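Close look at the chain arrangement
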Amino acid sequence: MDSKTLSSVAKAIVAPGKGVLAADESTPTIRKRFDSIQVESTEENRQRYREILFTAQDIERSIGGVILFDETLRQSAKDGTPFPTLLSKRGIVPGIKVDKGAKALALYAGEKITEGLDGLRERLLEYKELGAQFAKWRAVIGIDERDIPSPFGIRANAHALARYAALCQELDIVPIVEPEVLMDGGHDIERCEVVTSQVLEAVFAELDAHHVLFEGMLLKPNMVIAGMQCSRQAGVEEVAEATMRCMTRYVPAAVPGIVFLSGGQSAEKATAHLNAMNATGPYPWEVSFSYGRALQAPVLAAWKGEENNAFAAQHALTKRCRLNGLARDGAYAQEMEREE
Ligand code: 13P
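So, here is what we can say about the structure in this document. (Residues numbered from 1 in each chain as written. Predicted model: local features only at pLDDT ≥ 70, side-chain atom pairs only at ≥ 80, totals over all residues. Heavy atoms only, no water.)

Our next topic: the packing of helix α3 (residues 43–54) against helix α12 (residues 310–327). Running from N to C, α3 and α12 cross one another at 50°; their axes reach a closest spacing of 9 Å. What the angle tells us is that α3 and α12 run oblique. Along this stretch, α3 crosses α12, giving a crossing that reads as right-handed. Facing R48, E51, I52 and L53 of α3, the residues of α12 in contact are A310, A313, Q314 and L317. Partitioned by chemical class, the residues of the contact of α3 with α12 number five nonpolar, one polar and two charged. (Axes fitted to C-alpha atoms, helices over the stretch in contact; angles between N-to-C directions. Helix = DSSP H or I, 4+ residues; strand = E, 2+ residues; numbered from the N terminus. Parallel < 35°, antiparallel > 145°, perpendicular 65-115°, else oblique. Left-handed = near helix turned anticlockwise from the far one by under 90°. Contact = heavy atoms within 4.5 Å. Nonpolar A, V, L, I, M, F, W, Y, C, P; charged D, E, K, R; others polar.)

Next up, the structure:
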């Protein structure tokens, strides 16, 4: 393990003003996104869509890394440049989603465990040759008002995350460790804070036990937020305060950056939350983003699968990247949404 490489790549991804574009939708997930705009999910359409994203103007100003899916890591732009090379040339670090998805956790009704550890060392070696410098593994933690997640469900997912992170660092690949407590459900923000705290405590205990170098990883957590069906939705300031209290208590200062997922929040809400968190800093780690839907929803809506809309789609991405870049400094304001 080369700790210097790991920590310099991790820091580059969350350099000031920068965050991550999560464009690593698996084949079933991108099909869902394309269905929403009535576009058929063919390999050609997926290539075209990803090329629109990766060639959008100025995104390198606020995007330090892009997470790719296996198929995309192997694809090229129209001019023949492999996507990882195209991104590297723009100063954006290419990364790869390496988990194989969350499956039912046997004998624990309603809970999930992420698969993909078997053969992971060999897959990581190949991904590294293809240009990936960081990786992502997502654990999915369901939440209800009382029984879910169980202590065992938390432990099992934390263990898998740590096994994955150690395998990455062995090959000098920066692991993004993503324990996602879902936003689905009727639970309140207080319950989300309790569960997120338990999850982070377990994750860092396992990472430590597996000898994972905190300086050479990034954490991708959920924000502390009420469930989508909860009747009391917390305001932006309250989410920022609860999230930063939870992170300050449970994330070691040696971790270079926290890159939040958007998890189903609207694009504007996700930016507002990031902004509010940065407005109360400084914190020991960079407070940044690794958004999928919150960066791409406006792009898909503008594109609709039409070549003629490619420029408008890119414009939508450039705008979201710029606004999230500003939110990294607490310099975003809602009025900016009206600017072109
Ligand atoms: P969202 O921001 O849409 O939650 O996606 C981020 C991600 O990569 C989930 O694994």
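Let us look at α12. For α12, which comprises 18 residues, the first-to-last C-alpha distance of 26 Å matches the rise-based estimate of 26 Å (1.5 Å per residue) to within 8%. Where burial is concerned, most of α12 is hidden: 13 out of the 18 residues are buried. (Expected span 1.5 Å × (residues − 1). Buried < 20%, exposed > 50% of the residue type's maximum accessible area, 1.4 Å probe, protein only.)

With that settled, consider the environment of G257. Tracing the backbone through its elements, the reader meets G257 in strand β9 (residues 257–260). Taking relative accessible area as the criterion, G257 reaches 0% and is therefore assigned buried. Taking C-alpha positions, G257 is 7.5 Å from K11, a pair spaced 246 residues apart along the chain. G257 has contacts with V14, L218, L219, W285 and E286, leaving out every residue within four places of it along the chain.

Another point: unusual backbone geometry. Residues I148 and P149 are joined by a peptide bond in cis, for which omega reads 5°. Of note, P149 is situated in the loop between β6 (134–141) and α7 (151–170). With omega at 5°, the peptide bond leading from G281 into P282 counts as cis. As for its position among the elements, P282 is in the loop between α10 (267–279) and β10 (286–291). One non-glycine residue, D172, adopts positive backbone phi at about 60°. In this structure, H211 is a non-glycine residue whose phi angle is positive, near 65°. Relative to the elements of secondary structure, H211 occurs in the loop between α8 (189–209) and β8 (218–219).

In this structure, the largest pocket spans a volume of roughly 780 Å³. What lines the largest pocket is a set of 35 residues, and nearest its centre among them are T29, R33, R138, E180 and R293. Secondary-structure elements contributing two or more residues to the lining of the largest pocket are α2 (27–35), β5 (112–114), β6, β7 (174–181) and β10. A total of four residues in the lining of the largest pocket trace back to one element, the largest contributor, which is β6. By residue class, the composition of the lining of the largest pocket is nine nonpolar, eleven polar and 15 charged. (1 Å grid on protein atoms, 1.4 Å probe; cavity = no way out; pocket = protein on both sides within 12 Å on 5 of 7 lines; lining within 4 Å. Points joined across faces, edges and corners; volume = space filled by probe spheres on them.)

Turning to the packing of aromatic side chains, a few remarks are in order. Evaluation of the coordinates by the stated rule reveals nine aromatic pairs. Between the aromatic rings of F204 and F214, the centroid separation amounts to 5.5 Å while the plane-to-plane angle is 85°, which identifies the pairing as edge-to-face. Taken as a pair, F204 in helix α8 and F214 in the loop between α8 and β8 lie far apart in primary sequence, ten residues in all. You can call F214 buried: its relative accessible area is 15%. Following the ring pairs from residue to residue traces out a cluster consisting of F34, Y49 and W303. (Phe/Tyr/Trp six-rings, centres within 6.5 Å; stacked < 30°, edge-to-face > 60°.)

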